[in-house]
Amino acid sequence: MKKILLFAAFSLVAFLPGHAQKKEILLSTPETSLLLFAPQDGALTLRYFGSRITEAQIPEILSSGLDLDKQAYPVFGTARNEAALVVRHAGGDMSLDVAVEKVEERDEPAAKVVSVTLKDKLYPFRAKVNYRAYKELDVIETWVEISHEEKGNVKLQKAASGYLSFRQGEVWVSHLYGSWGSECTLARERLMPGAKVLSNRDGARNAFTHHPEVMFSLDGAPQENTGRTIGAILCWSGNYELNITTEGPRYHEFYAGIDPIASEYALAPKEVFTTPVLAYTFSEEGLGGVSRNIHRWARKTHIAHGERTRDILLNSWEGVYFKVSQEAMDGMIEDIASLGGELFVMDDGWFGDKYPRDNGKTSLGDWTVAKNKLPNGIGGLIASAEKNGIKFGLWIEPEMTNTESELYEKHPDWIVCPPGRTPICGRGGTQLILDMSNPKVQDFVFGVVDNLMKDNPKIAYMKWDANFSIVNYGSSYLTGDKQSHPYIDYHRGLEKTLQRIRAKYPDLTLQLCASGGGRVNYGLMPYYDEFWTSDDTDAFQRVHIQWGTSYFFPSVAMGSHVSASPNHQTKRVVPIKYRFDVAMSGRLGMEMQPKDMTDAEKEFSKSAIATYKAIRPVVQQGDLYRLISPYDGKPVSSLMYCSADKKQAVMFVYRIKYLLFENMPTFRPAGLDPAKTYRVTELNRVEKTALSFEGKEFPGRFLMEQGFEMSVPGEYGSRVLKFEAVD
Ligand code: GLA
């Protein structure tokens, strides 16, 4: 049998005869398995999670002789103090003691779902623990549905989506952290005794600071392509807590779910509280294997239109900021069309009638065109885009308002704020966040998209921004027992609204943005085609930001724009080639004033855009192999994408350091077919002399095992190589 992971062990009692219901539940994906043990009236335990096993191997695992009893979903108050579920019953008692009541199985077109209902031994209280194992994707999702029939509300104090324990040894956790302009910085650390907590309490933008996704390397310091590795993703857009507790000598215990702080949930009798999904994956191919599993799952199930390639766009923000006008927009539309782009997106600054939006202080909520700036309205811009053969999109920030807006004048009670308090404002000293728990606000937000689309059905794309947090904790809408719901009900309301939008406008392309990458999470990505990775468009810093982002998010969704030099955020001066080479490793776009480019830069851009079109399917839909990390102190960073049939691959190399007599690593591609022969050509070349191996053919095995040497000239030198299988 392959190497296995035993997270929990064998309890003999559960196997005594007389139990009609099948106790062992084996859930398998193509490469992984999860084994549960669910004896009637007994404890639900998780016996195995790791490489795929067969039914025939179950006795082997169960007779391993280990006698530690690891619950699959531990509850508070009888056997345990650390638990996934903590409640206060209607009568005030805080204890839970649950046992398996029933096991149900159902087939979905792409997955098998098993649900184990746990019932309290004293109260009419149930937690249904669900697992979804995909037939063709190496991901198993878990979530819990909590309900009761007690005589009054039960207060959920903590309701984690899932729990997993794994053996101590040399286990490392890799996770992302950051802030505005430096999203998705990578952190790797060895798990030590104590608790490691990753949480976010922003209320609205949960991917600044930390991220609700982690990887665990079980065989020592994280490696890209080797070592048993678990990936865990909490699919939730609100506050969360990921907690890894290490006590005693045996296990690390991992809990993931909605943050329990200031979120006690009053659950009415017969109401069902469904936790967010927690998705697990396992790979013996290290961090890279986990990323590839997650990317495939995301493209198929958790990103809108994840398997379609994306348009090349120009966004107006860094080009004109708030100075939107018909003339400026027309000029940008013409320019991006002439460079080969396919879509123009008008960013902030286009709306507001009574209060025109000339800066970040006014008008959010007043989604009518500023007639003085755009006399021909949105229709005029769409006509201009159509004339140039491209699509049109625009920016909205529908969950927000400003104190200076017609919306706020009319509905001051629509904001997130405790009644009677003066709200603290965000951006511009005037921005406020609307109360998405209020159905009237949900209708309004739906209407922002719906009205724009009804008036202009040809809008192809919307950038949906969100630039504030929940800081004024409270709601005029939520009353009584529900006043501790804002952090949860905000996101439930947002999701409901997005579901309505998607039902009516399934083909609209939506970009998820929150002051850059503040909302990049899998709670929201199912409704969005892509995300804005960061407001930091400096190509050099983007090498790092995109590297971290790629741990959990695929390139097809990663908005990556070529911007001006010097860069507006870092002031760094970087050549156009490096800027394109970096942006081309994600969803390519531009975000600058094309009019300010030199002729040579325009020429380069045109040719790079044409090149991107040719490699777009590989970059956006291929398997990612991270080769050389920008965190490893080497002179370069490198990554590549391979098509699923391994006939095509594209490799990107970026300078990180530039010193004389440096030790340049050997480039060793990964993910190619060792049995195929590949022709290597350089793309976006600016050097007069071609590489010595330009156009030559090499066996895949040779490339991957032996590798090759290559210079990367200049402080911001970069190279893009294409590998094409020859028959
Ligand atoms: C946020 C976004 C930017 C831009 C501005 C517009 O900061 O992240 O990309 O859209 O808002 O105000």
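A brief report on the enclosed structure follows. (Residues numbered from 1 in each chain as written. Predicted model: local features only at pLDDT ≥ 70, side-chain atom pairs only at ≥ 80, totals over all residues. Heavy atoms only, no water.)

## Observations concerning the overall build of the chain
Here is step 1 of the chain: Looking only at helices and strands, the chain features twelve helices and 35 strands.
Here is step 2 of the chain: Dimensions of the chain along its principal axes, counting C-alpha atoms only, are 80 × 70 × 45 Å.
Here is step 3 of the chain: Out of the 727 residues in the chain, the part that is buried amounts to 62%.
Here is step 4 of the chain: When contacts within the chain are restricted to residue pairs at least 6 apart in sequence, long-range pairs at least 24 apart make up 69% of them. (Helix = DSSP H or I, 4+ residues; strand = E, 2+ residues; numbered from the N terminus. Buried < 20%, exposed > 50% of the residue type's maximum accessible area, 1.4 Å probe, protein only. Contact = heavy atoms within 4.5 Å.)

## A look at the sheet that holds strand β2 (residues 32-37)
Here is step 1 of the chain: Ordered in space as β1-β2-β3, the three strands form an open sheet in which the pairing is antiparallel. Looking at strand neighbours, the two that pair on one side only are β1 (24-28) and β3 (45-51), the edges of this open sheet. Taking the axes of each pair of neighbouring strands and ignoring which way they run, one obtains an average angle of 15° across the sheet. (Pairing = 2+ DSSP bridges. Axes fitted to C-alpha atoms, helices over the stretch in contact; angles between N-to-C directions.)

## Some points on the pairing of β3
Here is step 1 of the chain: Extensive coverage of β3 is indicated by the burial of seven of its seven residues.
Here is step 2 of the chain: With six bridges connecting them, β2 and β3 associate as antiparallel partners. The residue bridging L34 from the neighbouring strand is F49, located in β3.

## Concerning the packing of aromatic side chains
Here is step 1 of the chain: The tally for this structure, following the rule as stated, stands at 31 aromatic pairs.
Here is step 2 of the chain: With a centroid separation of 5.3 Å and 75° between ring planes, the pair formed by W350 and F351 is classed as edge-to-face. Grouping residues by exposure puts W350 and F351 together as buried.
Here is step 3 of the chain: The structure contains a cluster of three or more aromatic residues connected by ring pairs, namely F540, Y578, Y641, F652, Y654 and Y716.
Here is step 4 of the chain: When the ring centre of Y255 is taken as origin, the NZ or CZ atom of K158, which lies over that ring, is 4.3 Å away.
Here is step 5 of the chain: When the ring centre of F273 is taken as reference, the NZ or CZ atom of R492 above it lies at 4.7 Å. (Phe/Tyr/Trp six-rings, centres within 6.5 Å; stacked < 30°, edge-to-face > 60°. Lys NZ or Arg CZ within 6 Å of the ring centre and 35° of its normal.)

## Examining the environment of K119
Here is step 1 of the chain: Along the polypeptide, K119 turns up in strand β6 (residues 111-120).
Here is step 2 of the chain: As a C-alpha pair, K119 and L96 span 23 residues in sequence and 9.3 Å in three-dimensional space.
Here is step 3 of the chain: Sequence-distant contacts of K119, defined by excluding residues within four places in its chain, comprise D97, V98, A99, E101, P124, F125 and R126.
Here is step 4 of the chain: For K119, the side chain forms a polar contact with the main-chain oxygen of Y123, separated by 3.3 Å. (Polar contact = N/O pair within 3.5 Å; in protein donor to acceptor, adjacent residues only side chain to side chain.)

## Here we look at the pairing of strand β14 (residues 229-235)
Here is step 1 of the chain: β14 sits mainly inside the fold: seven of its seven residues count as buried.
Here is step 2 of the chain: Alternating positions in β14 separate into two faces, T229, G231, I233 and C235 on one and I230, A232 and L234 on the other, with burial throughout.
Here is step 3 of the chain: Taken together, the five bridges between strand β13 (residues 213-217) and β14 define a ladder with antiparallel strand orientation. Across the sheet, the residue bridging to V214 is A232, located in β14.
Here is step 4 of the chain: Across seven bridges, the pairing between β14 and strand β19 (residues 277-283) is antiparallel. Directly across from L234, in β19, lies its bridge partner L278.

## Some points on the site of the ligand
Here is step 1 of the chain: Surrounding the ligand, one finds 13 residues, the nearest of these being D347, D348, R427, K463 and D535.
Here is step 2 of the chain: A distance of 2.6 Å separates an oxygen atom of the ligand from a polar side-chain atom of D348.
Here is step 3 of the chain: The separation between an oxygen atom of the ligand and a polar main-chain atom of G516 is 2.9 Å.
Here is step 4 of the chain: Summarising the interface, the protein chains cover 96% of the accessible area of the ligand, which totals 310 Å² for the free molecule.
Here is step 5 of the chain: When grouped by side-chain class, the residues that make up the shell around the ligand number four nonpolar, three polar and six charged. (Near = heavy atom within 4 Å. Areas by Shrake-Rupley, 256 points an atom, 1.4 Å probe, with all protein chains shown as cover. Nonpolar A, V, L, I, M, F, W, Y, C, P; charged D, E, K, R; others polar.)

## Quick word on the pattern of salt bridges
Here is step 1 of the chain: One pass over the full model with this rule turns up 43 salt bridges.
Here is step 2 of the chain: Note that R228 is salt-bridged to D219, the shortest N-O span being 2.7 Å.
Here is step 3 of the chain: The class for R228 is buried, based on a relative accessible area of 16%.
Here is step 4 of the chain: In this structure D219 comes out as partly exposed when scored by relative accessible area, which is 42%.
Here is step 5 of the chain: One salt bridge in this structure joins K391 and D311, with 2.8 Å as the shortest N-O distance. Linking K391 in strand β22 (residues 391-396) with D311 in the loop between α2 (286-302) and β20 (313-315), this pair joins segments that are 80 residues apart in sequence.
Here is step 6 of the chain: The class for K391 is partly exposed, based on a relative accessible area of 41%.
Here is step 7 of the chain: Taken together, the shared-partner salt bridges in this structure form one network comprising R106, E108, R132 and E141. (Salt bridge = Lys/Arg side-chain N within 4 Å of Asp/Glu carboxyl O.)

## Thoughts on the packing of helix α4 (residues 326-339) against helix α5 (residues 377-387)
Here is step 1 of the chain: At a minimum axis separation of 9 Å, α4 and α5 run at an interaxial angle of 25°. What the angle tells us is that α4 and α5 run roughly parallel. The handedness of the crossing between α4 and α5 comes out as right-handed. Between α4 and α5, the residues in contact are Q326, M329, D330 and I333 and G377, G380, L381, S384 and A385, respectively. (Parallel < 35°, antiparallel > 145°, perpendicular 65-115°, else oblique. Left-handed = near helix turned anticlockwise from the far one by under 90°.)

## With respect to the nonpolar core
Here is step 1 of the chain: Counting 128 residues, the largest nonpolar core has W297, M346 and W350 as its most contacted members.
Here is step 2 of the chain: The greatest single-element share of this core, amounting to eight residues, is contributed by helix α7 (residues 439-455).
Here is step 3 of the chain: Leave out the neighbours within four places in its chain, and W350 touches V324, W367, T368, V369, A370, L374, I378, L394, W395, I396 and L452.
Here is step 4 of the chain: Of all hydrophobic cores here, the second largest spans 61 residues; its members include V100, L191, V214 and I230. (Core = buried A, V, L, I, M, F, W, Y, C linked by side-chain atoms within 4.5 Å.)

## Describing the packing of helix α9 (residues 539-549) against helix α10 (residues 576-583)
Here is step 1 of the chain: Packing of α9 against α10 brings their axes to within 9 Å, and their N-to-C directions diverge by 20°. With respect to α10, the axis of α9 lies roughly parallel. Classified by chirality, the crossing of α10 by α9 is left-handed. Of the residues in α10, those touching α9 at A539, F540, R542, V543 and Q546 are Y578, R579 and V582.
Here is step 2 of the chain: Its residues assigned to classes, the contact of α9 with α10 comprises five nonpolar, one polar and two charged.

## A few points about the sheet that holds strand β32 (residues 648-655)
Here is step 1 of the chain: Across the sheet, which stays open at both edges, the six strands sit in the order β30-β31-β32-β35-β33-β34 with antiparallel pairing between neighbours. At either end of the open sheet lies a strand with only one pairing partner, and these are β30 (623-628) and β34 (697-699). Across the sheet, the mean angle from the axis of one strand to that of its neighbour is 25°, orientation sign disregarded.
Here is step 2 of the chain: In terms of strand pairing, strand β33 (residues 677-683) meets strand β35 (residues 718-726) through seven bridges, oriented antiparallel. Pairing of L683 across the sheet is with V720, part of β35.
Here is step 3 of the chain: Sitting on the sheet, α10 touches β32, β33 and β35, and the angle it makes with β35 is about 50°.
Here is step 4 of the chain: Sheet strands in contact with helix α11 (residues 599-621) are β30, β31 (636-642), β32, β33 and β35, and its direction is about 95° off that of β32.

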